[in-house]
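Per-entry structural report
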Amino acid sequence: MDDRNLMENILLLEKGVCDLYMHGTIESSTQNVHQAFNSALNESLCMQDTIYSKMSAKGWYPAEQADQNKINSTKQKFSMQQ
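Residues numbered from 1 in each chain as written. Predicted model: local features only at pLDDT ≥ 70, side-chain atom pairs only at ≥ 80, totals over all residues. Heavy atoms only, no water.

**A closer look at the environment of Met1**
Secondary-structure assignment places Met1 in the segment before helix H1 (3-27). Residue classification places Met1 among the exposed residues on the basis of a relative accessible area of 75%. Those residues in contact with Met1 that lie beyond four places of it in its chain are Leu6 and Asn9. (Helix = DSSP H or I, 4+ residues; strand = E, 2+ residues; numbered from the N terminus. Buried < 20%, exposed > 50% of the residue type's maximum accessible area, 1.4 Å probe, protein only. Contact = heavy atoms within 4.5 Å.)

Encoded structure:
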């Protein structure tokens, strides 16, 4: 397993952790439990961002530039629904 595959696996794992913490935050029954899950979620989101940034810097997670016409079309579509 090379470094890229390892980082992809770590990123996927971290995204899964974020998802679990988010659901824990939403479903928590007390303020203390809610705060614990929320803190853990924020820490995991920071870790996910760090992993993504490192992968992006190495060219392993390229981001595409969105076409401005598609952005405008989507904005218009959803503004009409309100």
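**A few points about the packing of aromatic side chains**
This model, assessed by the stated rule, comprises 2 aromatic pairs. On the numbers, 6.3 Å between centres and 55 degrees between planes, the contact of Tyr21 with Phe37 is tilted. In this pair, Tyr21 sits in helix H1 while Phe37 sits in helix H2 (residues 31-57), placing the two residues 16 residues apart along the sequence. A relative accessible area of 27% means that Tyr21 is categorised as partly exposed. Among the residues examined, Phe37 registers a relative accessible area of 30% and is labelled partly exposed. With centroids separated by 5.0 Å and ring planes inclined at 85 degrees, the aromatic side chains of Tyr52 and Tyr61 adopt a geometry described as edge-to-face. In this structure Tyr52 comes out as partly exposed when scored by relative accessible area, which is 24%. Looking at Tyr61, the relative accessible area reads 30%, which means it is partly exposed. (Phe/Tyr/Trp six-rings, centres within 6.5 Å; stacked < 30°, edge-to-face > 60°.)

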